[in-house]
Amino acid sequence: MIDPPQVLLEQSFLRAVVHTELPDHELAAALYLDLVDQYEANELLLVAVSSHLDPYRSITHHGVFAPVDRLWVGGQHRRAAQRLATDGGYPLDIALTMVMAERHRVPRLATFEPVFQQFRLELLPDAGSVPSNARMHD
Amino acid sequence: MSITAEAPSFGPADTRPSLTHVVPYDEFRVVRLTLMFEFLVVYLWWLRVMGLPIDRISVAISVAIFLVCAFIGRSARTWGVLLLDCVAYCVMWLGYERTRGAADDGISVLGLFRLKFPLQVESMRDIDRAMFFGHDPNVVLQNRFLERSVRWYDVVASATYMTHFVLPIIVMAVLWVISRRQWVRFMKRFATLLAVGCLLFVLLPTAPPWMAADRFELFPELQRGAGRGFRHLGFSGFVNDYNVALSNGNAVAAMPSLHASFALIVPLFFFEWIRRRWVKVVLLLFPVTMLAALVYLGEHWVIDGLVGWAITVGGFAFWNQMEQRTRAKRARTARALVGQAAAPHFLVEQPVTEQSESVSA
């Protein structure tokens, strides 16, 4: 409401930023750098689900994800995600991202997961800018 | 980087379902909103019947009840963070009260001697007189406006004066609920103001105008009636005696005026969200009214308020700069490390495999 707009960096995006061997890496890195510029200009806040940042703990505070704030996952979030995963058939990590984005009112996601395209979210990169060799999910 | 990404653009909104329609509803949200509304009703009832809570403990209790209403059903971690915030909040106020109360007795240095600075009685008055061409603003305002009966401007002055005890606290409580990030930003500026204020209370103990008139007889006695207009409205101040000497009132803590500072810090904090200039001007009328009220009521010299404003603005400038630096530092770090982050020593993550990546929808 009174914070700058938040952009949630979803797990697939975090992974693509970090892992240079992934096909999405260069696009993710370029987009991330642009988001970082906007963060520095105080135009937006970068957030990620805390459990999705856990694998990068050593680079969260003083590393490549230094500008990214954590959305801390509580028991209630896990329970809601579990219910969503069971009822909606979503993978648990995806369901958790959905719960956190909804509970924290984050309408913008940086992700390479196509599943989010079915929801009214502002996605980055948008469908048009995803290269043809981007990972597909069945 | 071989790929030049297009400027990030977000897709347009459409008719697809929002996450709200898919994600299980947070049942506690209704509970929180209901409780906060009930708190508001009870607070207004209390204000009308018992009076405006103005002693620190009553204010703290009312804030605590509000926060419990606002945080019911939140995660244990959120409660933990809230608890730490509350401790920091209490430490800040206790530090303020202790320092402020000690200022007129001087500060004991390692128990060896007492550092006590001379009481300023005439200096602030002289500055005021220099600014107002030889007139005493307090005396001029009271001679011109103060009457036996309560006039509308007495009500305005008194009500404005009383907002000091609740307005910043209400802002803190609301920010606490809406955005902890903004709460932290507000508290940095607020705590800086209190700290610098306390330092000046010690270094520059200053007799307020009513004391200069009453005890030092610098000019004819000033009427002191900050609550007059407030009582005229049918309200009173609620002060409970907790038998705890928390509020070590210090009569010579006039410089700087925290009344004036608090009245400025609130509108100033919200300026960045206000686009229209006239709204900003209207908001700035509040601290101006506060300073006029303080002078009219004989509580402060004009210079006390101006110094209070200067500290407030200085605090904002300092923290704005610090926050910008922090953002720039983090951004620099991220820029420098993008593309290098996959080096093994950076990660504790398991190696990525195609299987672990692929997720079925």
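As the structure is a prediction and not an experimental result, all values here were calculated from the model.

## Description of the overall build of chain A
Argument step 1. Tallying secondary structure elements over chain A gives 5 helices and 5 strands in all.
Argument step 2. Written out in order from the N terminus, the α and β elements of chain A read β-α-α-β-α-β-α-α-β-β.
Argument step 3. Among the 138 residues that make up chain A, the fraction classed as buried is 48%.
Argument step 4. Pairs at least 24 apart in sequence give 51% of the contacts found in chain A among residues at least 6 apart.

## Here we look at the nonpolar core
Argument step 1. Grouped together as the largest cluster of nonpolar side chains are 54 residues, with contacts concentrated most on A:Leu9, A:Val17, A:Ala48, A:Met98 and A:Val99.
Argument step 2. Per element, the largest residue contribution to this core is 9 residues, and it comes from helix H2 (residues 25-40) of chain A.
Argument step 3. Those residues in contact with A:Leu9 that sit more than four places away from it in its chain are A:Leu14, A:Leu46, A:Ala48, A:Val68 and A:Ala110.
Argument step 4. Residues B:Phe165, B:Phe201, B:Leu291 and B:Val295 belong to the second largest nonpolar core, which totals 53 residues.

## Some details on the sheet that holds strand S4 (residues 108-110) of chain A
Residues and elements named next belong to chain A.
Argument step 1. Pairing within the open sheet is parallel, and its 5 strands lie in the order S3-S2-S1-S4-S5. What marks the edges here is a single partner per strand, and that holds for strand S3 (68-71) and strand S5 (122-124). Sheet twist, expressed as the average angle between the axes of neighbouring strands with direction ignored, equals 35°.
Argument step 2. Contacting strand S1 (6-9), strand S2 (45-49), S3 and S4, helix H5 (residues 92-103) crosses the sheet at an angle of about 140° to S2.

## What about the packing of helix H2 (residues 56-71) of chain B against helix H7 (residues 167-178) of chain B?
All names here are of chain B.
Argument step 1. H7 packs onto H2 with a crossing angle of 20° between their chain directions and a minimal axis gap of 10 Å. It follows that H2 is roughly parallel to H7 by the angle criterion. Crossing of H2 over H7 shows right-handed handedness. Seen from H2, the contacting residues are Val59, Val63, Phe66, Leu67 and Ala70; seen from H7, they are Ile169, Ala173, Trp176 and Val177.
Argument step 2. Across the contact of H2 with H7, the residue classes break down as 9 nonpolar, no polar and no charged.

## Some thoughts on helix H11 (residues 258-270) of chain B
Residue and element names in this part refer to chain B.
Argument step 1. Between its terminal C-alpha atoms H11 stretches 19 Å, which fits the 18 Å expected from 13 residues at 1.5 Å a residue.
Argument step 2. Within H11 the residues assigned to the buried category are Leu258, His259, Ala260, Ser261, Phe262, Ala263, Leu264, Ile265, Val266, Leu268 and Phe269.
Argument step 3. Buried residues belonging to H11 abut helix H6 (152-163), H7, helix H8 (180-203), helix H12 (277-296) and helix H13 (302-337).

## Considering unusual backbone geometry
Note on backbone geometry: most residues besides glycine have negative phi, and most peptide bonds are trans.
Argument step 1. Cis geometry is found at the peptide bond from A:Leu124 to A:Pro125, where omega equals -5°.
Argument step 2. Inspection of the secondary structure assignment puts A:Pro125 in the segment after S5.
Argument step 3. Along the chain, B:Met255 connects to B:Pro256 via a cis peptide bond; the corresponding omega equals 0°.
Argument step 4. Mapped onto the fold, B:Pro256 is located in the loop between strand S4 (237-238) and H11.
Argument step 5. A positive phi is found at A:Arg105, a non-glycine position, where the angle reads about 55°.
Argument step 6. Tracing the backbone shows A:Arg105 in the loop between H5 and S4.

Rules used in this analysis
- Residues numbered from 1 in each chain as written.
- Chains lettered and ligands numbered in written order.
- Predicted model: local features only at pLDDT ≥ 70, side-chain atom pairs only at ≥ 80, totals over all residues.
- Helix = DSSP H or I, 4+ residues; strand = E, 2+ residues; numbered from the N terminus.
- Buried ≥ 20, exposed ≤ 12 C-beta atoms within 10 Å, placed from the backbone.
- Contact = placed C-beta atoms within 7 Å.
- Core = buried A, V, L, I, M, F, W, Y, C linked by C-beta atoms within 7 Å.
- Pairing = 2+ DSSP bridges.
- Axes fitted to C-alpha atoms, helices over the stretch in contact; angles between N-to-C directions.
- Parallel < 35°, antiparallel > 145°, perpendicular 65-115°, else oblique.
- Left-handed = near helix turned anticlockwise from the far one by under 90°.
- Nonpolar A, V, L, I, M, F, W, Y, C, P; charged D, E, K, R; others polar.
- Expected span 1.5 Å × (residues − 1).

That's the geometry; what it means functionally is another story.
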